[in-house]
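Single-letter residue listing:
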Amino acid sequence: MGRRILIINDDRNVHHFQVLFSKLGCEAMAASSSEGLGHALATSQPDVVMVDVSLSDIIGDRGFEIVRTVKQAHSNTTVVLMTDHGNPVLVDRAYASGVDYYAEKPITAELALRYIG
Amino acid sequence: MNASVQMLPLNPQEIKQVNDLFYRGFYSMAFQPIYNLNTKELVGFEALLRGPQGTPLNSPGRIFNQQNSFTDLFLHQLDLSCLGSAIRTGRLFPDRYLLFVNIHGVTIKVLLEKIKYLRLLLKEMQISPRRVVLEVSETTPQELIIEALENIQSIKEEGLSIAIDDISQDHPWFAMSQTLRPTFLKVDRAIIHGLQESARNQKILSDLIIFAEQVSAQIIAEGIETVEEMTALQNMAIPFGQGFLLGHPKSAEVWLTELNHDMTAIKAIPGVSGWDDVHQSLSEQNRRSPTF
């Protein structure tokens, strides 16, 4: 059975990630809000969670709340923090938060393969 | 952390940490402004690698001073990834600003091998190649210089511009600049420091001005830290400059705020690179596409 990927992104991009991960043999689920995340975490055990911090304010406070929620619920889940554009402050916060990967979009297939292991 | 601590050799544990941080993507770009010294107009930004604070990837100078501790593959990928990050984030700046990105001479060969991915990224980020200036640092072994020069000519044909970093008469490419025809010559802080009091450095710079005219290049003075240095450069009609006096490296977002740029006007980007290929059937080649 393929790896389960939960993508937390805005509506504009989520389809892209679902198609990419599906073509890499994964089961790709999506949530575009914190509420959707709670439901998805309750009903599935994702192997990888991709969180887009561009969802929220400039350095992504809401994105980091999501990271904490995921790591508390499933500490072994790989968490990838994504952003629309780079920012050294965001890198510092991402590293301190305990996420496994930091990525500036657009994501390549090679990176997606790295995340699913 | 002071400069001497920053330049301490990396120990094996730190080298392992650099590799791990890079693999996990924990780096981004800070941007230092470059100004026209005569008009005071902002002309572009140099993208500078920044890893997490408190880690060895936060001080890339230590990595570049100790290149023998890293594989060629790692160093090439580091260069290409910095180029990719600079383009991804540099797209936020208005089109009139140039983007200077550091790259080693030997990496240009690898860049040419993967040129279609660079073309794709520039297209996806809606950046003209003419805005990108590859700032070539000189670590090329003597026996590979001719090949490196040919590769640079090829990359110029892609529309990208070239700057030679840390130019001096001792630079191994100095004599070849007639062929190379760089757009910019960057003069290191070692020559700019205390310029107003150093007849020797003023002579070096005067010679470089004559040389720049001969090869139709423009000089950029790096590391301007005092008003006196700035005045000396203006008196010598040096056209461009950067340094802490003019602006520290900062995130693109901070610069855009300072420039009163409308963040809502920034164009959206795709979530996945090479979408057409992903949408149809993901080719093996694109599964292994480089992480620009």
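That block above? That's the structure.
Definitions and limits used
Each chain carries its own residue numbering, running from 1 in the direction its sequence is written. Working convention: letters from A go to chains and numbers from 1 go to ligands, in the order in which they are written. Given that this is a predicted model, residues contribute local features only at a pLDDT of at least 70 and side-chain atom pairs are listed and counted only at 80 or more, while totals for whole chains, interfaces and linings are drawn from all residues. Note that the side-chain values use all heavy atoms of the structure and ignore hydrogens as well as water. Runs of E in the DSSP output that reach at least two residues are strands. Runs of H or I that reach at least four are helices, and both are numbered from the N terminus. Three labels apply to residues, based on accessible area from a 1.4 Å probe with only protein chains included: buried if under 20% of the type maximum, exposed if over 50%, partly exposed otherwise in between. Contacts: residue pairs with any heavy atoms within 4.5 Å of one another. Calculation of accessible area relied on Shrake-Rupley with a 1.4 Å probe; when residues are assessed, cover is drawn exclusively from the protein chains displayed. A radius of gyration in this sense is built from C-alpha atoms; the matching globule rule multiplies 2.2 Å by the number of residues raised to 0.38. By definition here, a salt bridge exists when the distance from a side-chain nitrogen of Lys or Arg to a carboxyl oxygen of Asp or Glu is within 4 Å. Between N or O atoms, a polar contact is any pair within 3.5 Å; within protein, one atom must be a potential hydrogen donor and the other a potential acceptor, and residues adjacent in sequence are included only when both atoms are from side chains. Throughout, buried area stands for the accessible area (probe radius 1.4 Å) lost by two parts on being put together, summed over both. Pairing between two strands is assigned when DSSP locates at least 2 bridges connecting them. Note on method: axes are straight lines fitted to C-alpha atoms, helices fitted across the in-contact stretch only, with angles between N-to-C directions ranging 0 to 180 degrees. Each helix should span, by expectation, one fewer than its residue count multiplied by 1.5 Å. The arc in question is the one traced by the directions running from the helix axis out to the C-beta atoms. Here the angle decides the label: under 35 degrees means roughly parallel, over 145 means roughly antiparallel, 65 to 115 means roughly perpendicular, and every other value means oblique. Two helices that cross are described as forming a left-handed crossing if the nearer one is turned anticlockwise from the farther one by less than a right angle, and a right-handed crossing if clockwise. Only Asp, Glu, Lys and Arg are considered charged, only Ala, Val, Leu, Ile, Met, Phe, Trp, Tyr, Cys and Pro nonpolar, and every remaining residue, Gly among them, polar. Aromatic pairs are defined between Phe, Tyr and Trp rings, using the six-membered ring for Trp, whenever the two ring centres lie within 6.5 Å; interplanar angles under 30 degrees are classed as stacked, those over 60 as edge-to-face, and all others as tilted. Placement of a charge over a ring requires the Lys NZ or Arg CZ to be within 6 Å of the ring centre, with the centre-to-atom vector within 35 degrees of the ring normal.

A. Seen up close, the overall build of chain A. The helix and strand tally for chain A stands at five helices and five strands. Ordered by position from the N terminus, the helices and strands of chain A form the series β-α-β-α-β-α-β-α-β-α. Per-residue burial for chain A yields a buried fraction of 56% across its 117 residues. Look at the contacts in chain A between residues 6 or more apart in sequence, and 57% of them connect residues 24 or more apart. Surface summary for chain A: the accessible area is close to 4500 Å², and the carbon and sulfur share equals 49%.

B. Spatial organisation of the overall build of chain B. Summing up its helical and strand segments, chain B has 14 helices and eight strands in all. Against the 2.2 N^0.38 benchmark of 19 Å for 292 residues, chain B shows a C-alpha radius of gyration of 19 Å, consistent with a compact globule. Its C-alpha atoms give chain B principal-axis dimensions of roughly 65 × 45 × 40 Å. Going through the 292 residues of chain B one by one, you find that 55% of them count as buried. Excluding contacts between residues fewer than 6 apart, the proportion of contacts in chain B whose partners are at least 24 apart in sequence is 71%.

C. Looking closely at the pattern of salt bridges. Taken as a whole and judged by the stated rule, the model has 19 salt bridges over all chains. Between Lys105(A) and Asp52(A) there is a salt bridge whose closest N-O contact spans 2.7 Å. In this pair, Lys105(A) sits in the loop between β5 (101-104) and α5 (109-116) while Asp52(A) sits in strand β3 (residues 48-52), placing the two residues 53 residues apart along the sequence. Residue Lys105(A) shares its accessibility class with Asp52(A), and that shared class is buried. Where salt bridges share partners, they join Glu46(B), Glu135(B), Lys186(B) and Glu222(B) into one cluster.

D. Structural detail: the side chain of Glu222(B). Residues and elements named next belong to chain B. With respect to the helices and strands, Glu 222 occurs in the loop between β7 (218-221) and α11 (227-235). The class for Glu 222 is buried, based on a relative accessible area of 11%. Of the polar contacts made by the side chain of Glu 222, one reaches the side chain of Lys 186; its length is 3.3 Å.

E. Seen up close, the interface of chain A and chain B. The partner chain B presents 43 residues to the 33 residues of chain A that form the contact. A combined buried area of about 3300 Å² lies between chain A and chain B, and 58% of that area is made up of carbon and sulfur atoms. Viewed at the interface, chain B and chain A are joined by zero salt bridges. Between the two partners, chain A and chain B, sit 23 residue pairs in polar contact (both at pLDDT 80 or more).

F. Up close: the environment of Phe100(B). Residues and elements named next belong to chain B. Within the element layout of this structure, Phe 100 appears in strand β3 (residues 98-104). Remark: the alpha-carbon pair of Phe 100 and Gly 51, spanning 49 residues in sequence, is separated by 19 Å. Discounting chain neighbours no more than four positions away, the residues touching Phe 100 are Ile 34, Phe 45, Glu 46, Ala 47, Val 133, Glu 135, Phe 184 and Ile 220.

G. Summary view of the sheet that holds strand β6 (residues 184-187) of chain B. If you walk around this closed barrel you meet the eight strands as β1-β2-β3-β4-β5-β6-β7-β8 (chain B), and the pairing is mixed. Strands in contact with helix α10 (residues 199-214) of chain B are β6 and β7 of chain B; relative to β6(B), the strand with the most contacts, it is inclined by about 170°.

H. Broad picture of helix α2 (residues 12-23) of chain B. Helix length check: α2(B) (12 residues) gives 17 Å between terminal C-alpha atoms against 16 Å at 1.5 Å per residue, within 8%. All of the buried residues in α2(B) are Glu14(B), Ile15(B), Val18(B), Leu21(B) and Phe22(B). Summarising the axial view, the buried residues of α2(B) lie within an arc of 130°, below the 170-degree limit, and thus occupy one face. With respect to the buried face of α2(B), the exposed residues turned more than 90 degrees away are Pro12(B), Gln13(B) and Lys16(B). Close packing links the buried residues of α2(B) with α4 (88-97) and α5 of chain A together with α3 (60-64) and α4 (72-90) of chain B. Positive phi appears at Gly25(B), one or two residues downstream of α2(B), with a value of about 80°.

I. Focus on unusual backbone geometry. Residue Pro106(A) is reached from Lys105(A) by a cis peptide bond, and omega for that bond is 5°. If you check the backbone angles, Gln126(B) has positive phi at about 55° while not being a glycine. Checked against the element boundaries, Gln126(B) lands in the loop between α6 (115-124) and β4 (132-137). Phi at Asn260(B) is positive, roughly 55°, even though this residue is not glycine. With respect to the element layout, Asn260(B) can be found in the loop between α12 (252-258) and α13 (275-279).

J. Representation of the packing of α4(B) against α6(B) within the structure. All names here are of chain B. One can describe the packing of α4 onto α6 by two numbers: an axis separation of 9 Å at closest approach and a directional angle of 15°. It follows from the interaxial angle that α4 and α6 lie roughly parallel. α6 is crossed by α4, and the crossing has right-handed handedness. Only Leu 118, Leu 121 and Leu 122 of α6 make contact with α4, whose side of the interface consists of Leu 83, Gly 84, Ile 87 and Arg 88. Residues of the contact of α4 with α6, tallied by class, amount to five nonpolar, one polar and one charged.

K. Structural context of the packing of aromatic side chains. The tally for this structure, following the rule as stated, stands at 13 aromatic pairs over all chains. Judged by centre distance (5.6 Å) and plane angle (55°), the rings of Phe45(B) and Trp255(B) are tilted. Of the two residues, Phe45(B) is situated in strand β2 (residues 42-50) and Trp255(B) in helix α12; the sequence distance between them amounts to 210 residues. By the ring-pair criterion, three or more aromatic residues cluster together here, those being Phe31(B), Phe45(B), Phe93(B), Tyr97(B) and Trp255(B). For the cation-ring pair, Arg114(A) lies above Tyr23(B), with the distance from its terminal atom to the ring centre recorded as 4.1 Å.

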